[in-house]
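Geometric and topological summary
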Amino acid sequence: MTTVKEVNPHFEDFLFDWNQKFQLLVGGYGSSKSYHAALKITLKALEEKRTILVVREVYDTHRDSTFSLFSEIIEDLQLASKVKIGSSPMQIKFPNGSKIIFRGMDKPEKLKSINNISLVWLEECSEIKYTGFKELLGRLRHPSLPLYMILSTNPVSKGNWVYKHFFKNEIEDYHVLDDEELYKQKTIVIPKEQGSDTPTDIYYHHSTADDNLFLPESYIDQLDEMKSYDPDLHRIARKGRFGVNGKLVLPQFEIKHHDQVMAEIASIRKPIRKNGMDFGFVDSYNAVLRMVVDHEKKWLYIYEEYYKRGMTDDKTADELEELGLKKSIIKADNAEPKTIAYFKQRGFRMYSCKKLTRVENTKKMKRFKRIICSDACINTIRELKELTFKKDPKTDEIIEDEFNIDPHTFSAMWYGLDDYEVASVKGANSK
């Protein structure tokens, strides 16, 4: 007896495509990506003898998710009399010797006893730590069968390892794929490439609730309603897109072409020029920003940056002098008086900034109506475009003096504008 299984058309090719080692499913809520991943694995287990490992961050979450999906699929395929489903521990055994084993990264010792794993599914892979992903790669080995890893996730923050590994990591200048291209094309394949510095042999698949023909309209309406009360969740759940999780620190931050920025600065009637510097060495960066304030409009322009680490003070001074900053007033971190003294000895017009709290400095920056950054300032853009406040995990309230990253360029802004108030101008203009 032949069983006919109806599936969503957007997943038909995915179900039978085993050409790539890595298969990444990114999608919104209700897109049916997890269901089709489980169906694909079930069909593979029926086709050839394999030991398949299904992993989530927490073992107990399998019962109502992946384990439940496999049980439903086996019932739908009318295989319940032939396939053994064990619930304690959770395990599924097929007549040909294939078996599906469920594990959690919260119990890593349970992974060590499994051998000859040829297929791994990481469900909600964004919840798994990057070290866990790399450990699972090491567990994926078999003497003869092709190896596969399926990863499925809702696209959370661009700071998550999934985005950095499979798309891009701007800090490391590492690029595999533009996620916007995936949203347009829906499926993309990056073929295997020998000697590449970035991941290859990847099948990308994007889906939203619109791709699930079996969803009730009321469910989609609920997702659409999120836009009015939780835009972040709406982006993830309805649109299935990576982005910023949390409240933006500088929602008025924007980017313009460098020539346009310089032209606008040239047209300001009374430009107020400011320069700020944050010190760093090994883990943090020396960051210098050159800025101009249009006080009448309450606009801030950022037109030039210096951003390096691992530099001794003498080399930094040489490079800042080459950039023409020796004659400009620079306000720097007041926690580094010795460094400031060294720059003064070198002839720089560098001074300690006023001591304000992080909250006070942040509130000052938020008073600007617009913060316009030259596209030449790539590190400033990387740090500030998607800078968000941290949240208290207990209350879900934002913490006003903590951020998702350590933004060195934001500190340079604070220091450079220490004697400027958006409401009124104080202090001398600097070059």
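Nothing here was measured: the structure is a model prediction, and the numbers come from that model.

Bringing the overall build of the chain into the picture now. Helix and strand content of the chain: 14 helices and 20 strands. For the chain, the spread of C-alpha atoms along the principal axes amounts to about 85 × 45 × 40 Å. Within the chain, the fraction of its 431 residues that count as buried is 51%. Considering only contacts in the chain between residues 6 or more positions apart, those separated by 24 or more positions represent 66%. Carbon and sulfur atoms form 48% of the exposed surface of the chain, whose accessible area is close to 21100 Å². For the chain, the distance from the average position of its 67 positive side-chain charges to the average position of its 67 negative side-chain charges is 4 Å.

The next subject is the layout of surface pockets. Its boundaries defined by the atoms lining it, the largest pocket holds a volume of some 1200 Å³. Forming the boundary of the largest pocket are 44 residues, of which Lys 158, Gly 159, Glu 386, Asn 404 and Ile 405 lie nearest the centre. In terms of residue count, the dominant contributor to the lining of the largest pocket is helix H13 (residues 378–384) (five residues). Split by residue class, the lining of the largest pocket holds 13 nonpolar, 10 polar and 21 charged.

Regular strands place their side chains on alternate faces of the sheet. Strand direction decides the pairing type here: strand S19 (residues 389–391) and strand S20 (residues 398–403), joined by three bridges, are antiparallel. What sits directly across from Phe 389, in S20, is Phe 403. Adjacent in sequence and paired antiparallel, S19 and S20 are bridged by six residues, among which Asp 396 carries a positive phi angle near 65°.

Sheet strands associate in pairs through backbone hydrogen bonding, adopting either a parallel or an antiparallel arrangement. In space, the seven strands of this open sheet follow the order S12-S18-S15-S14-S13-S16-S17, with mixed pairing throughout. Edge positions in the sheet fall to strand S12 (253–256) and strand S17 (349–352), since each has one partner strand and no second. Within this sheet the neighbouring strands show an average axis-to-axis angle of 30°, counted without direction. Across seven bridges, strand S13 (residues 272–278) lies against strand S14 (residues 286–294) in antiparallel orientation. Counterpart to Met 277 in the pairing with S14 is Val 288. Where helix H9 (residues 258–266) meets the sheet, it contacts S12, S13, S14, strand S15 (299–308) and strand S18 (370–374), and its direction lies at approximately 130° from that of S15. Packed onto the sheet, helix H11 (residues 337–345) meets S13, strand S16 (329–332) and S17 and runs at close to 160° relative to S17.

At a minimum axis distance of 9 Å, the contact between helix H2 (residues 33–47) and helix H3 (residues 66–76) shows a crossing angle of 60°. In terms of orientation, H2 lies oblique with respect to H3. Of the two elements, H2 crosses H3, and the hand of that crossing is right-handed. Facing H2, whose interface residues are Ser 34, Tyr 35, Ala 38, Leu 39, Ile 41 and Thr 42, H3 presents Leu 69, Phe 70, Glu 72, Ile 73 and Asp 76. Residue composition of the contact of H2 with H3, by class: seven nonpolar, two polar and two charged.

This paragraph deals with the confidence of the model for the chain. Keep in mind that low pLDDT regions are not for reading the predicted coordinates in detail. Taken over all residues, the pLDDT of the chain has a mean of 90, while the share at 70 or more is 96%. Note that pLDDT drops below 50 for residues 424–431; the model gives that stretch 23 contacts with residues more than four away or on any other chain.

Reading the values: rules and limits
- Residues numbered from 1 in each chain as written.
- Predicted model: local features only at pLDDT ≥ 70, side-chain atom pairs only at ≥ 80, totals over all residues.
- Heavy atoms only, no water.
- Helix = DSSP H or I, 4+ residues; strand = E, 2+ residues; numbered from the N terminus.
- Buried < 20%, exposed > 50% of the residue type's maximum accessible area, 1.4 Å probe, protein only.
- Contact = heavy atoms within 4.5 Å.
- Areas by Shrake-Rupley, 256 points an atom, 1.4 Å probe, with all protein chains shown as cover.
- Lys, Arg positive; Asp, Glu negative; His and termini not counted.
- Charge placed at Lys NZ, Arg CZ, Asp CG, Glu CD.
- 1 Å grid on protein atoms, 1.4 Å probe; cavity = no way out; pocket = protein on both sides within 12 Å on 5 of 7 lines; lining within 4 Å.
- Points joined across faces, edges and corners; volume = space filled by probe spheres on them.
- Nonpolar A, V, L, I, M, F, W, Y, C, P; charged D, E, K, R; others polar.
- Pairing = 2+ DSSP bridges.
- Axes fitted to C-alpha atoms, helices over the stretch in contact; angles between N-to-C directions.
- Parallel < 35°, antiparallel > 145°, perpendicular 65-115°, else oblique.
- Left-handed = near helix turned anticlockwise from the far one by under 90°.
- pLDDT = per-residue confidence, 0-100.

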